[in-house]
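Spelled out, the chains give:
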Amino acid sequence: MMSGAVINRVQLAAAHDGDAELVVTLRFENGGESLVPLDEHAVRVLMESCGADDPDELVGKGWGLVRDALEASSNRFMNSNSNAQ
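Because the structure is predicted, anything quoted here is derived from the model rather than measured. (Residues numbered from 1 in each chain as written. Predicted model: local features only at pLDDT ≥ 70, side-chain atom pairs only at ≥ 80, totals over all residues. Heavy atoms only, no water.)

**A closer look at a negative patch on the surface**
Residues Asp53, Asp54, Asp56 and Glu57 make up a contiguous surface patch of negative charge. One can find Asp54 in the loop between α1 (40-50) and α2 (63-84). Since its relative accessible area comes to 34%, Asp54 is described here as partly exposed. (Patch = residues over 30% accessible without salt bridge, like charges linked within 9 Å, V, L, I, M, F, W, Y side chains within 5 Å. Areas by Shrake-Rupley, 256 points an atom, 1.4 Å probe, with all protein chains shown as cover. Salt bridge = Lys/Arg side-chain N within 4 Å of Asp/Glu carboxyl O. Lys, Arg positive; Asp, Glu negative; His and termini not counted. Charge placed at Lys NZ, Arg CZ, Asp CG, Glu CD. Helix = DSSP H or I, 4+ residues; strand = E, 2+ residues; numbered from the N terminus. Buried < 20%, exposed > 50% of the residue type's maximum accessible area, 1.4 Å probe, protein only.)

**Comments concerning the nonpolar core**
Here is a general trend for soluble globular proteins: nonpolar side chains tend to be buried in one another's company. Of all hydrophobic cores here, the largest spans 16 residues; its most connected members are Ile7, Val24, Leu38, Leu46, Leu58 and Val66. Counting residues per element, the ones that place at least two in this core are β1 (6-14), β2 (20-27), β3 (33-38), α1 and α2. Here the element with the most residues in this core is α1; it accounts for 5 residues. Those residues in contact with Val66 that sit more than four places away from it in its chain are Ile7, Val24, Leu26, Val36, Leu38 and Leu46. (Core = buried A, V, L, I, M, F, W, Y, C linked by side-chain atoms within 4.5 Å. Contact = heavy atoms within 4.5 Å.)

**Some words on the pattern of salt bridges**
Tallying each qualifying case throughout the model produces 5 salt bridges. For the salt bridge of Asp39 with Arg76, the shortest nitrogen-to-oxygen distance reads 3.4 Å. Here Asp39, found in the loop between β3 and α1, pairs with Arg76, found in helix α2; they are 37 residues apart in sequence, far enough to count as distant. Judged by its relative accessible area of 28%, Asp39 falls in the partly exposed class.

Below you can see the structure in the form of structure tokens.
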């Protein structure tokens, strides 16, 4: 069975390349937390899938939406690489 982790906190941060990213804190049922950095593309996908206009509106949303946003962000590189060949 999957955990019921939810977004507990969001904050802006600087990525290693200096670009802005959003760091979401996932809180698990057992009280544990994980920080997940999201690039601009993943943030856009997450905000859209949650119907959020402001990052603070992401608080309380399930971790599955974060996973899906990360997957969408990653897939855009796979798709661009396969088109380049």
